[in-house]
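Chains, contacts and geometry: an overview
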Amino acid sequence: MSISYLGLLFAVAYHADRQAARGRSLVNNPTIYTLSIAVYCTSWTYYGSVGRAAETGIGFLPIFLGPTIMAALWWLLLTKIIAISKANHITSIADFIASRFGKSPVLGGMVTLFVVIGVLPYIALQLKAVTVSLDVLVHHLDDFQDMRGSTGAGWGDTALYVAMILALFSILFGTRHLDASERHEGMVTAIAFESIVKLGAFLFVGLFVTFGLFDGFGDLFRKAMADPSLKRLMTFDAMPGGFAAWFSMTLIAMMAVMFLPRQFQVLVVENVNPVHIRQASWLFPLYLLAFNLFVLPIALAGRLFFSGGGMDPDTFVLILPIQGNQVWLALFVYLGGLSAATSMVIVEVIAMSTMVSNDLVLPLLLRFRAAFREDLSGIILTIRRGIIIALMLLGYLYFRLIGESHTLVSIGIISFAAVAQFAPAILIGIYWQGVSRRAAMGGLMAGFIVWFHTLLFASFAKSGWIAASFLTHGPWGIAWLKPQALFGLPLFDPLTHSVFWSLLANIGTLVLISLFDRQTAVEQIQALNFVNVFEKGARGGNEYLWSGFVSVAELKKLLSRFIGPAQAELDFANYMQHRLLKLEEHAQAPAHLVAFAEKRLTGAIGSASARVMVSSVVTGEELDLHGVMRILDETSQVIEYSQRLELKSRQLEAATRQLQEVNERLQELDRLKDEFISTVSHELRTPLTSIRAFSEILRDNEEMDLGDRRRFTEIIIKEAERLTRLVNQILDLAKIESGKMEWHLERVDLVEIAQDAIDATHQLFENKSVRLKFHAPLYPVMLKADRDKIIQVVINLLSNAVKFCEASVGAVEVHLRQVPEGVGIEVVDNGPGIPKEDLEKVFEKFHQVDQARDETMDVPLGTGLGLTICQRIIERHRGRIWVESELGQGATFKFLVPLDPGE
């Protein structure tokens, strides 16, 4: 039956892969994504939570409460981690940490080693659950009193066959393709299917126990409350360690749902669309709630039925249907437990095999082996398959040597506490740029040393592998090193004690070293990319890191050695087609093509090794197998030094560009100065000439009649007033250009400003008999502006318009514009117009056009200098001013300013 069920899973996975190949992805669905996350619910959840509830009552809840709290934070944490991982082509949790801290091979290997040691107990837990549940079905209740002896040993051992079968299916599910960053759509679909099976089986057995063996919840809880030992299970007193244990269990469960290798695989690597997080953040807690509904009822029912003891509480889920003579339900429950265990093992060992292959085995293999064939893709796949078998055998060995002396929960807690050690490096690392590689390594080392001492070695002592004095007197008789009372402080229960001291050592070391350590250039760049992933558009690009020459042929040759020549050729062809590139084999590869090759290579050998491989060919060194082994022997400082030089070079280029911009600005200021002097000279020359000429006439013609003398005197007064206005305009323009002009921004009405300007220029229009029409809305048009300056602009435009209108037949219209970009005014005249070739220079050199059309000495306010001031005022309000005209068709001067120009 077990083999048939696993065969069904493989058929589901095969169908999903076929659909994905046809472009019809089954996993591009938020519900499937959520169900795959439910791989969190392993045999610990399925069997162990009931066993824990039978001993600690509601103390089983933190295992579910932690993921529920974390799911509420996914919009903040998971979204960022997925963006970082997709941008950097990350394939595992070891790859994530190594990539964050300068793509360090040493750090990646350390994380992988800790993952293997920390998660092996969890794999052993699944083997124990499947083995015990299978023996329960085989032997039924009569032979169940001593299950540990029934599983046998050696070639007759059920657990060994289970391990090998799971290893086979893990290989079939996860190692058919080389690129570990590619999604395993078949595996994800099969995991989602298993999540439905295990939840359905657990709900069925819960309903059967509650309403089949008892008359509902009321009857069950009433009978439990009558037993003092069971009544205690429904209070906090039954939880060993009290609230401290609740907190520590909740905390490590929060970390486990994110950072267990299998959880990182389904949450991050297998994610199709980050939008799916929205539904998963509330649907996954609902899934956990459904699992929680019958945990305590099943535990209480088991304690009531087997009040004499001697029955393993972890088996209550399976024993109670047998007790009720419901063989079909027992088989269904067994399949649910098998689903819980197999889904965990398959995803876990696939994720771990990628880490072990990329960060431990492959670097060592290339270091100590002298010759390989050109195509290494087959060797890498074989290595991963061998690692899967080795991991399953190690899990089996842990189960046989240590796991049988512990409950399912106690085994799972060891792994949860281990995984929590990765949280500081990841969570602090994605928000604080200052965390260095040495700090991350020191924190992980300190945390895992404490975890080893306080939990793993303590479990060895309880199993008899270490002398019991290790627990009671400490190692070598040193009392303050007792694993459950470090420094002579037995303040907490064993779990809380370990979590507290390990995380304190981890975080303290990480922060302390970071404060005094200095990051390398590569670390700084990676820290910036991770912390600011959204600000940089999740580009994940390392393109700017690469410099130097590398041909397309060399790059393709490098990639083909690890993923195969055919696949490399196909990948390059697809990429160039997508980018519309046509590059010859000998051509220099652009930076983005080098980055693509590195990303593609990352899926095969990991980010740290891929970085070294690509770096070697980019710097011009021919890559052969001997070169590969030599490069792996070199320290990462070679890469860091080259990147530091490139960074300095780019800083020098930026400084050079800034100097060029400053020089161009100085030249522009010099040009503006010359134009300003030219404009001022022209503007002052006309009124001064007029004043001098008419003054000489008055002086030299004493016999001039009184009427002419009065007319000439009025002209002198008018030109003097004009000269005064010009001087004021020159002073204003000088203040604007120097930045010394005072601006008073306030809420003003543009309709009122336009009317005030019309009133100020009314006499000009009457003197020349030019008609004026004002078109404005009946409501205020409010904006933030300097009232006096905007009035000055409108006056200048009106004066300029009336100047070029013919007397008696001239007409000027004023329109108020209101558009989404802002508000403004149009001044339209029916004068002679402006030639098209002169439109662009109206505001800077208007006096040239003005002079050509000036037919009178009666020059009003609207001069070239006035239009220059208008332009500066409007630009200060972050607006724009322009003119539209054709020769003989009049001119339209327009300006537009935003409603709020800022300070």
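Bear in mind that the values here come from a model prediction, so they are computed numbers and not experimental data.

The next point concerns the overall build of the protein. Across its full length, the protein holds 36 helices and 7 strands. Split into buried and exposed, the 903 residues of the protein put 56% on the buried side. In the protein, the share of contacts with a sequence separation of at least 24, taken over all contacts with a separation of at least 6, comes to 80%.

A few words on the packing of helix α9 (residues 185–213) against helix α16 (residues 316–323). Their axes nearest at 10 Å, the elements α9 and α16 cross at an angle of 50 degrees. Relative to α16, α9 is oriented oblique. Between α9 and α16 lies a crossing of left-handed hand. Residues F202, V205, F208, V209 and L213 of α9 touch α16, and the partners they reach there are V317, L320 and P321. Considering only residue class, the contact of α9 with α16 consists of 8 nonpolar, no polar and no charged.

Glancing now at the sheet that holds strand β2 (residues 771–775). Strand order in this open sheet of 5 strands is β2-β4-β5-β7-β6, and the pairing throughout is mixed. Two strands bound the open sheet, and with one partner strand each, they are β2 and β6 (880–885). For this sheet, the mean angle separating the axes of adjacent strands, direction not counted, is 15 degrees. Here 6 bridges tie β6 to strand β7 (residues 891–897), and the two strands are oriented antiparallel to one another.

Bringing unusual backbone geometry into the picture now. A positive phi angle, near 60 degrees, is found at N325, a position not held by glycine. Relative to the assigned elements, N325 resides in the loop between α16 and α17 (327–368). At S769, a position not held by glycine, the phi torsion is positive, near 55 degrees. Assignment of secondary structure puts S769 in the loop between α33 (762–768) and β2.

Turning to the nonpolar core, a few remarks are in order. W74, M258, I298 and F422 are the most contacted members of the largest nonpolar core, which totals 183 residues. For I298, the residues in contact, after removing those within four places along its chain, are V50, F202, V205, G206, V209, F316, V317 and L320. Membership of the second largest hydrophobic core comes to 45 residues, among which are F765, V793, I874 and A891.

Another point: the packing of helix α3 (residues 43–56) against helix α15 (residues 295–305). α15 packs onto α3 with a crossing angle of 60 degrees between their chain directions and a minimal axis gap of 8 Å. Two packed elements cross with a definite hand, and for α3 against α15 that hand is right-handed. Contacts between α3 and α15 involve S49, V50, A53 and A54 from the former and V295, L296, I298, A299 and R303 from the latter. Among the residues making up the contact of α3 with α15, the classes are represented as 7 nonpolar, 1 polar and 1 charged.

With that out of the way, let us pick up the pattern of salt bridges. A complete count under the given rule lists 11 salt bridges for this structure. The salt bridge involving E884 is made with K894; its shortest N-O contact spans 2.9 Å. Taken as a pair, E884 in strand β6 and K894 in strand β7 lie far apart in primary sequence, 10 residues in all. Relative accessible area serves as the criterion here: at 38%, E884 is assigned to the partly exposed category. Classification of K894 by relative accessible area gives buried; the value is 11%.

As a further point, take α16. Counted residue by residue, α16 has 7 buried out of 8 residues, so it is predominantly covered. Burial in α16 covers these residues: F316, V317, L318, I319, L320, P321 and I322.

Looking at the element boundaries, K198 is found in helix α9. The buried charged residue K198 lacks any salt bridge partner; its closest oppositely charged side chain belongs to E194, at an N-O distance of 6.8 Å. Filtering out sequence-adjacent residues up to four positions away, K198 remains in contact with A38, V39, C41, Y46, Y287, F291, G336, S339, A340 and S343.

So, about the packing of aromatic side chains. Under the criterion given, the structure shown has 20 aromatic pairs. Here the aromatic rings of F96 and F530 are separated by 5.4 Å at their centres, their planes lie at 70 degrees, and the arrangement is edge-to-face. Of this pair, F96 sits in helix α6 (residues 93–100) while F530 sits in helix α24 (residues 521–531); the two residues are 434 residues apart in sequence, bridging distant segments of the chain. A single burial state applies to F96 and to F530, both of which are buried. Taking 5.0 Å as the distance between ring centres and 70 degrees as the angle between the ring planes, the aromatic pair formed by W451 and F452 counts as edge-to-face.

Moving on: the pairing of β7. Regular strands place their side chains on alternate faces of the sheet. For β7, a buried count of 7 out of 7 residues is recorded, marking the element as mostly surrounded by other parts of the structure. Burial of β7 is two-sided: the residues A891, F893, F895 and V897 facing one way and the residues T892, K894 and L896 facing the other way are all buried. In the sheet, strand β5 (residues 822–829) pairs with β7 via 7 bridges, with the strands oriented antiparallel. When the bridges of β7 are listed, V827 appears paired with F893.

Turning our attention to the side chain of S85. Inspection of the secondary structure puts S85 in helix α5 (residues 77–88). Among the polar contacts listed, one links the side chain of S85 to the backbone oxygen of I81, at a separation of 2.9 Å.

In this section: a nonpolar patch on the surface. A cluster of nonpolar side chains, namely W480, F487, L489, L491, F492, F500 and L504, defines an oily patch on the protein surface of about 690 Å² accessible area. Looking at the secondary structure, you find F487 in the loop between α22 (469–472) and α23 (494–516). F487 gets classed as partly exposed once you look at its relative accessible area, which sits at 47%.

What follows concerns the confidence of the model for the protein. In the predicted model, the protein carries a mean pLDDT of 78, and 76% of its residues have values of at least 70. Mean pLDDT values for the elements of the protein range from 39 in helix α35 (residues 846–853) up to 94 in helix α20 (residues 423–429). Every residue in residues 141–155 scores below 50 in pLDDT, and together they form 32 contacts with partners more than four places removed in sequence or on other chains.

A separate point is the environment of G186. Topologically, G186 is positioned in helix α9. When its relative accessible area of 0% is taken as the criterion, G186 is described as buried. Along the primary structure G186 and R18 are separated by 168 residues, whereas in three dimensions their C-alpha atoms are 8.4 Å apart.

This paragraph deals with the environment of L601. For L601, the location among the structural elements is in helix α27 (residues 591–605). Owing to a relative accessible area of 0%, L601 belongs among the buried residues under this scheme. In this structure, the C-alpha to C-alpha distance between L601 and H89, residues 512 residues apart in sequence, is 9.6 Å.

Calculation criteria
- Starting afresh in each chain, residues are numbered from 1 along the sequence in its written order.
- Where totals are concerned, whole chains, interfaces and linings use all residues; where local detail is concerned, this predicted model gives features only for residues with pLDDT of at least 70, and gives and counts side-chain atom pairs only at 80 or more.
- Calculated side-chain values reflect all of the structure's heavy atoms, with hydrogen atoms and water omitted.
- Secondary structure counts use DSSP, requiring at least four H or I residues in a row for a helix and at least two E residues in a row for a strand, with both numbered from the N terminus.
- Here's how the labels work: a residue is buried when its accessible area is under 20% of the maximum for its type, exposed when over 50%, partly exposed in between, all with a 1.4 Å probe on protein chains only.
- Should any heavy atoms of two residues lie within 4.5 Å, those residues are counted as being in contact.
- Lines fitted to C-alpha atoms define the axes, with helix axes restricted to the stretch in contact, and inter-axis angles between N-to-C directions lie between 0 and 180 degrees.
- Our angle categories are set so that under 35 degrees counts as roughly parallel, over 145 as roughly antiparallel, 65 to 115 as roughly perpendicular, and the remainder as oblique.
- By convention, the crossing between two helices is left-handed when the near helix turns anticlockwise from the far helix through less than a right angle, and right-handed when the turn is clockwise.
- Throughout, the ten residues Ala, Val, Leu, Ile, Met, Phe, Trp, Tyr, Cys and Pro are labelled nonpolar, Asp, Glu, Lys and Arg are labelled charged, and all others, Gly among them, are labelled polar.
- A pair of strands is considered paired only if DSSP assigns at least 2 bridges between the two.
- By convention a nonpolar core is built from buried Ala, Val, Leu, Ile, Met, Phe, Trp, Tyr and Cys residues, the set being connected through side-chain atoms within 4.5 Å.
- The working definition used for a salt bridge is a side-chain nitrogen of Lys or Arg within 4 Å of a carboxyl oxygen of Asp or Glu.
- Two residue types count as positive, namely Lys and Arg, and two as negative, namely Asp and Glu; His and chain ends fall outside the count.
- Pairing of aromatic side chains requires ring centres within 6.5 Å, counting the rings of Phe and Tyr and the six-membered ring of Trp. Pairs whose planes differ by under 30 degrees are stacked, by over 60 edge-to-face, and all others tilted.
- Under this definition, polar contacts are N or O atom pairs within 3.5 Å; protein pairs additionally need one hydrogen-donor-capable and one acceptor-capable atom, and for neighbouring residues in sequence, both atoms have to be side-chain atoms.
- Patch membership is restricted to residues that have no salt bridge and whose relative accessible area is over 30%. Joining uses 9 Å for like charges and 5 Å for the nonpolar side chains Val, Leu, Ile, Met, Phe, Trp and Tyr.
- Note that accessible areas follow from Shrake-Rupley with a 1.4 Å probe, and for residues the cover is restricted to the protein chains shown.
- On a scale of 0 to 100, pLDDT captures the predictor's confidence in every residue.

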